[in-house]
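Structural features, examined
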Amino acid sequence: MTYEALLKIAYKKTNTHNKEEEAAKLLLMELSNQEPHQFFTNLKSEVPKTLEIDFLNKLDQYLVSNIPVQHLIGHSYFYGYKFKVNQHVLIPRGETEQLVEHVLYYYDKYFIDQKIIVLDLGTGSGCIGIALSLEEENMNVTVSDISEEALKVAKDNQHDLKANVKIIQSDLFENISDAFDIIVSNPPYIPDTESVQDIVSKEPKVALYGGLLGVDFYEKIITNSKNHLKEHSLIAFEHGFQQKQRIFEIAKKHFPNAHIVQVKDLAGKDRFTFIGLGNVLDLE
Ligand code: GLN
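Being a predicted model, the structure only gives us computed values, none of them experimental.

**Digging into the overall build of the protein**
The helix and strand tally for the protein stands at 11 helices and 9 strands. For 284 residues, the compact-globule formula gives about 19 Å, and the C-alpha radius of gyration of the protein, at 21 Å, lands near that figure. Counting only C-alpha atoms, the protein reaches 65 × 40 × 35 Å along its principal axes. Buried residues in the protein amount to 52% of all 284 residues. Taking contacts inside the protein between residues at least 6 apart in sequence as the whole, the part at least 24 apart equals 66%. Distance from the positive charge centre (29 side chains) to the negative charge centre (41 side chains) of the protein: 4 Å.

Right, dumping it as structure tokens:
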């Protein structure tokens, strides 16, 4: 059977299950170890039988058991880098790439050419901290997480991507002593009572849920961050689209003189809060 014919069968299945054709295409492309341009020029060639069987089997796991395709292929892409993922970490999201973009932008505006230290709290796969350290060599990055299993994944990613980041196991600031120039975090922010799609439920609960209103981690991080921030410094958060106001209030309460900037994601949803201390963000 050709790749084209196999995809046709796969698309029929995805449509009956109300799932995404794109996911099936990605799965086949990744399992065949081809780059996109090769894959599309080879559509009329024959699929090796073992690959066909493996693909249909994994496709069923996606369609019937709701296993995310990224878990089936074992990796995902973030900021142009290939990150290993598994059931112990959140699959990196597109919004989080925008968080990285904003942090790099603020670095250029407020810290340019300075060697700074950065903390990525609740790093999961390591995606935020590793991407930052690869993009900006002046950033000396520490990544931390409460989950040992997640940190194993972060360690593999650090190794595979040759990133120079320090990895610390810590429940928020528990094992962290430094004061940082930038603290960045995309903590779990789904309210405990909210239900998620079946496919999201295959990701670790510890990475998804953030208390009754979903703001517990922001509150804990802000409340405990004072001794971990330099005089001129930045906190950069990703959050849920209904949490903008609450996070603003928590930040104002603990840092009455901070410059607070809140930004929407590309889908137009309130998604990021930046808290600047000292002169950071004073030009916004
Ligand atoms: N910081 C990681 C990410 O953005 C993990 C986030 C989480 O587990 N909530 O993917």
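After that view of the structure, there is still more to cover.
**What to know about the packing of aromatic side chains**
Going through the model one piece at a time under the given rule, you end up with 10 aromatic pairs. Seen in terms of ring centroids, Tyr 3 and Phe 39 are 6.0 Å apart; in terms of plane orientation they differ by 75°. Their pairing is edge-to-face. Of the two residues, Tyr 3 is situated in helix α1 (residues 3–16) and Phe 39 in helix α3 (residues 36–41); the sequence distance between them amounts to 36 residues. Overall, Tyr 3 belongs to the buried group, its relative accessible area being 7%. Ring centres 5.3 Å apart and planes at 80° place the aromatic pair Phe 39 and Phe 40 in the edge-to-face group. A connected cluster of aromatic rings, assembled from ring pairs, spans Tyr 105, Tyr 106, Tyr 110, Phe 272 and Phe 274. The lysine or arginine in question, Lys 220, covers the ring of Phe 217, its NZ or CZ lying 5.5 Å from the ring centre. The lysine or arginine in question, Lys 269, covers the ring of Phe 241, its NZ or CZ lying 4.8 Å from the ring centre.

**Some words on helix α8 (residues 148–160)**
In a regular helix each residue adds 1.5 Å, so 13 residues correspond to 18 Å; α8 covers 18 Å between its end C-alpha atoms and thus fits that length. Listed as buried for α8 are Ala 150, Leu 151, Val 153, Ala 154, Asn 157 and Gln 158. Seen along its axis, α8 keeps its buried residues to an arc of 155°; they face one direction. α8 presents Glu 148, Lys 155 and His 159 as exposed residues on the side facing more than 90 degrees away from its buried surface. Against β2 (81–84), α7 (127–135), β4 (139–145) and β5 (165–169) lie the buried residues of α8. One or two residues past the end of α8 sits Lys 162, with phi positive at roughly 50°.

**Some remarks on the site of the ligand**
The ligand sits among Leu 90, Thr 96, Gly 122, Thr 123, Gly 124, Cys 127, Ile 128, Asn 186, Pro 187, Pro 188 and Ala 207. At a separation of 3.5 Å, a nitrogen atom of the ligand approaches a polar backbone atom of Thr 123. Taking Asn 186, its side chain carries an N or O atom lying 2.8 Å from an oxygen atom of the ligand. When the ligand sits alone it has 300 Å² of accessible area, and the protein chains cover 97% of it. Tallied by class, the residues present in the shell around the ligand amount to 6 nonpolar, 5 polar and no charged.

**Side note on the packing of helix α2 (residues 21–31) against helix α4 (residues 49–63)**
Contact pair α2 / α4: the axes reach a minimum separation of 10 Å and the direction vectors enclose 145°. For α2 against α4, the interelement crossing comes out right-handed. Contacts from Ala 23, Ala 24, Leu 27, Leu 28 and Leu 31 in α2 reach Leu 51, Asp 54, Phe 55, Lys 58, Leu 59 and Tyr 62 in α4. Of the residues contributing to the contact of α2 with α4, the split by class is 9 nonpolar, no polar and 2 charged.

**Focus: the pairing of strand β7 (residues 229–238)**
Of all the 10 residues making up β7, 7 are buried; the element is thus mostly covered by neighbouring parts of the structure. With 6 bridges joining them, β7 and strand β9 (residues 270–277) adopt antiparallel strand pairing. Directly across from Ala 236, in β9, lies its bridge partner Phe 274.

Calculation rules
Residues numbered from 1 in each chain as written. Predicted model: local features only at pLDDT ≥ 70, side-chain atom pairs only at ≥ 80, totals over all residues. Heavy atoms only, no water. Helix = DSSP H or I, 4+ residues; strand = E, 2+ residues; numbered from the N terminus. Rg over C-alpha atoms; globule rule 2.2 N^0.38 Å. Buried < 20%, exposed > 50% of the residue type's maximum accessible area, 1.4 Å probe, protein only. Contact = heavy atoms within 4.5 Å. Lys, Arg positive; Asp, Glu negative; His and termini not counted. Charge placed at Lys NZ, Arg CZ, Asp CG, Glu CD. Phe/Tyr/Trp six-rings, centres within 6.5 Å; stacked < 30°, edge-to-face > 60°. Lys NZ or Arg CZ within 6 Å of the ring centre and 35° of its normal. Expected span 1.5 Å × (residues − 1). Arc of directions from axis to C-beta. Near = heavy atom within 4 Å. Polar contact = N/O pair within 3.5 Å; in protein donor to acceptor, adjacent residues only side chain to side chain. Areas by Shrake-Rupley, 256 points an atom, 1.4 Å probe, with all protein chains shown as cover. Nonpolar A, V, L, I, M, F, W, Y, C, P; charged D, E, K, R; others polar. Axes fitted to C-alpha atoms, helices over the stretch in contact; angles between N-to-C directions. Left-handed = near helix turned anticlockwise from the far one by under 90°. Pairing = 2+ DSSP bridges.

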